[in-house]
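# Reading the structure
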Amino acid sequence: MNVYKIDTFSGHRDSVYTLIPGPSPEIFYSAGGDGYVVSWNLKHPDLGTLVARAGMSVYALALDAAKDILWIGQNFEGIQLLSPRDKTVIAASKITSAAIFDIRLTGRNALIAQGDGVITVMDTEALSVRRHLKVSEKSVRSLAVNEGTGELAAGFSDHRVGIFDLETFRPVTLLSSHTNSVFSVRYSPDGSL
């Protein structure tokens, strides 16, 4: 496989921590250490649109495309829900004072990976906390959902990967193969981790 640089998207003033797909194939969002959330168009790389200024680092974004709501995980400030079209905050919830490293939306749940070793499960409709899962003594860095098998995978800074039942959130297995923090976990299209 060969990788070629196609273009450069410039505009952030600090590290870029997250990229997520937008509401259409040519749109994506980025966020980073400068607290900016930016919308980009692959057809016009020089025209990034500032969607939000969070005021502090943003490590995690998730898009509820059906409702056109962007979930922003602010560093030490909790969650903000934003209308990317109107650039207005719809709701906010200070669910934690820890850093938020990842957000995954599945069904009516928002799964939020936190720097204090907790995965918070929020109801996306009521914007209320359903449960806190203390899963590690160190940061939960990344989450992946496999709807087909009903699994949630989580990468931890204690060098492990935890697999949980997506319905009950009970642990299924714990994988200990890494020698440093696990910053990314993903399921492939065939369902393997």
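Keep in mind that this is a model prediction, so the values were computed, not measured. (Residues numbered from 1 in each chain as written. Predicted model: local features only at pLDDT ≥ 70, side-chain atom pairs only at ≥ 80, totals over all residues. Heavy atoms only, no water.)

Attention shifts here to the sheet that holds strand 3 (residues 36–41). Ordered by their spatial adjacency, 4 strands build an open sheet running 1-2-3-4, and the pairing between neighbours is antiparallel. Looking along the sheet, the strands with just one partner apiece sit at the ends: strand 1 (16–21) and strand 4 (44–53). When strand polarity is set aside, the average angle formed by the axes of neighbouring strands in this sheet is 25 degrees. Bridge analysis of strand 1 against strand 2 (residues 27–32) gives 5 bridges, and the strand direction is antiparallel. The residue of strand 2 that forms the bridge with Val 16 is Gly 32. (Pairing = 2+ DSSP bridges. Helix = DSSP H or I, 4+ residues; strand = E, 2+ residues; numbered from the N terminus. Axes fitted to C-alpha atoms, helices over the stretch in contact; angles between N-to-C directions.)

Phi at Phe 76 is positive, roughly 70 degrees, even though this residue is not glycine. Inspection of the secondary structure assignment puts Phe 76 in the loop between strand 6 (69–74) and strand 7 (78–83). The phi angle at His 159 is positive, at roughly 80 degrees, despite the residue not being glycine. Looking at the element boundaries, His 159 is found in the loop between strand 14 (151–156) and strand 15 (161–165).

Among the 6 residues in strand 6, 6 count as buried, and that is most of the element. Covered by surrounding structure in strand 6 are Ile 69, Trp 71 and Gly 73 together with Leu 70, Ile 72 and Gln 74, the residues of both alternating faces. The sheet contact formed by strand 5 (residues 58–64) and strand 6 spans 6 bridges and is antiparallel. Its bridge partner lying in strand 6, Leu 61 is registered against Ile 72. Between the end of strand 5 and the start of strand 6, which pair antiparallel, lie 4 residues, with Asp 68 showing a positive phi angle near 55 degrees. Two elements, strand 6 and strand 7, share 5 bridges in a ladder whose sense is antiparallel. Its bridge partner lying in strand 7, Trp 71 is registered against Leu 81. Hairpin connection of strand 6 to strand 7: 3 residues between the antiparallel strands, including Phe 76 at a positive phi of 70 degrees. (Buried < 20%, exposed > 50% of the residue type's maximum accessible area, 1.4 Å probe, protein only.)

Another aspect to go through is the pairing of strand 2. Burial of strand 2 is extensive: 6 of the 6 residues sit out of reach of the surface. Count of turn residues in the strand 1/strand 2 antiparallel hairpin: 5 residues. Judged from the 5 bridges that link them, strand 2 and strand 3 form a sheet pairing that is antiparallel. Bridging from a neighbouring strand, Ala 31 pairs with Val 37 of strand 3. What sits between strand 2 and strand 3 in their antiparallel hairpin is a turn of 3 residues, with Gly 35 showing a positive phi close to 80 degrees.

With that settled, consider the side chain of Thr 120. The topology assignment puts Thr 120 in strand 11 (residues 118–123). In this structure the side chain of Thr 120 is engaged in a polar contact, spanning 2.4 Å, whose partner is the side chain of Gln 114. Within the structure, Thr 120 has its side chain in polar contact with the side chain of His 132 (distance 3.2 Å). (Polar contact = N/O pair within 3.5 Å; in protein donor to acceptor, adjacent residues only side chain to side chain.)

Next up on the list: the nonpolar core. In globular proteins that are soluble, nonpolar side chains generally tend to be buried together. By size, the foremost hydrophobic cluster in this structure holds 14 residues, and its most contacted members are Ile 119, Val 140, Leu 143 and Leu 152. The set of elements that each furnish at least two residues to this core consists of strand 10 (109–114), strand 11, strand 13 (140–146) and strand 14. Ranked by residue count, the leading element in this core is strand 14, at 3 residues. Excluding its chain neighbours within four sequence positions, the residues that come into contact with Val 140 are Phe 101, Ala 113, Gln 114, Gly 117, Val 118, Ile 119, Val 135, Ala 154, Gly 155 and Phe 156. (Core = buried A, V, L, I, M, F, W, Y, C linked by side-chain atoms within 4.5 Å. Contact = heavy atoms within 4.5 Å.)

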